[in-house]
Amino acid sequence: MIAVALPAEMELLHFHKGFCLLAVAAITRDGAGFTGAAAELDQSSAKTLAWLARLQLNPDTPAPALSADRAQIGFPRTERLWLGWNAWRRGDLDQSTYHFAGQDDTGWPAWVAGLQAFHDAHYREAAAITPRP
C-alpha cells in the first residue's frame, strides 16, 4: 500500500505498519522487529511508540522530548485522533473536540459537535450536524 498511497495517507500507513511490527516483535522478542518498528514509527511521527520499541533493545535510550502543547505542529495526526477518540469514549466532549480540531475530513468533529448539541438539548441543531451512517 505504501508504494501507491497518496502523500496525505503516508503518516497513517507508516503508523499502522510500525504498530503491527511492534506487536509482532513484542510477541516474538525479535530485536530486528523492534528496529523495524521504530523506523516505521519514526516516519509516522509517533515518537513515543518509536522510543518504546528502541527501549526494548537498549534500556538506556533517553525518552523523547514532549512539547507542552500536544496539538502543536509535529504531533502526529494519528495520535490526535486516538486521543480524541479516547476522550469521546470517556464522555469528555470538550477534550474530544480539542483533539479532533482541524480534522474535518475524518467526520469526528461533526460527530462530537452533534453529540454536544444533543447534550445541550439543541435537538434540531444536533440532527443537522451529526452525519448519517
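Since the model is a prediction, treat every value here as computed from it, not as a measurement.

What's the story with the packing of aromatic side chains in this structure? I'm lost.
Enumeration over the complete set of coordinates arrives at four aromatic pairs. With centroids separated by 5.2 Å and ring planes inclined at 65°, the aromatic side chains of Phe-118 and Tyr-123 adopt a geometry described as edge-to-face. Relative accessible area serves as the criterion here: at 49%, Tyr-123 is assigned to the partly exposed category. Chaining the aromatic ring pairs together yields one cluster made of Trp-88, Phe-100 and Trp-108.

Just checking my understanding: could you explain the pattern of salt bridges for this structure?
Oppositely charged side chains are able to pair whenever their charged atoms sit close together. Scanning the entire structure with this criterion turns up two salt bridges. Residue Glu-40 is joined to Lys-17 by a salt bridge in which the shortest nitrogen-to-oxygen separation is 3.4 Å. Here the residue Glu-40 occupies a position in helix H2 (residues 31-43), and Lys-17 occupies one in helix H1 (residues 10-28), the gap between them amounting to 23 residues. Salt-bridge contacts for Asp-42 lead to Arg-54; the nearest nitrogen and oxygen are separated by 2.2 Å. Of the two residues, Asp-42 is situated in helix H2 and Arg-54 in helix H3 (residues 47-57); the sequence distance between them amounts to twelve residues. On the basis of relative accessible area, Arg-54 is assigned to the partly exposed category, the value being 34%.

How should H1 be read in this particular structure?
Helix length check: H1, at 19 residues, gives a terminal C-alpha distance of 27 Å against a target of 27 Å (1.5 Å per residue), a fit within 8%. Turning to H1, its buried residues number three or more, namely Leu-13, His-14, Phe-15, Gly-18, Leu-22 and Ala-25. Packing partners of the buried residues in H1 comprise H2, H3 and helix H4 (77-90). After H1 finishes, the residue Arg-29 shows a positive phi value of roughly 60°.

Any chance you could explain unusual backbone geometry here in plain terms?
Glycine aside, negative phi is the norm for most residues, and most peptide bonds take the trans geometry. The backbone phi angle of Arg-29 is positive, close to 60°, even though this residue is not glycine. By the element assignment, Arg-29 lies in the loop between H1 and H2. In this model, Ala-121 sits at a positive phi of 65°, which is unusual for a non-glycine residue. Turning to its location among the elements, Ala-121 is positioned in the loop between helix H6 (108-119) and helix H7 (123-129).

Analysis parameters
Residues numbered from 1 in each chain as written. Predicted model: local features only at pLDDT ≥ 70, side-chain atom pairs only at ≥ 80, totals over all residues. Heavy atoms only, no water. Phe/Tyr/Trp six-rings, centres within 6.5 Å; stacked < 30°, edge-to-face > 60°. Buried < 20%, exposed > 50% of the residue type's maximum accessible area, 1.4 Å probe, protein only. Salt bridge = Lys/Arg side-chain N within 4 Å of Asp/Glu carboxyl O. Helix = DSSP H or I, 4+ residues; strand = E, 2+ residues; numbered from the N terminus. Expected span 1.5 Å × (residues − 1). Contact = heavy atoms within 4.5 Å.

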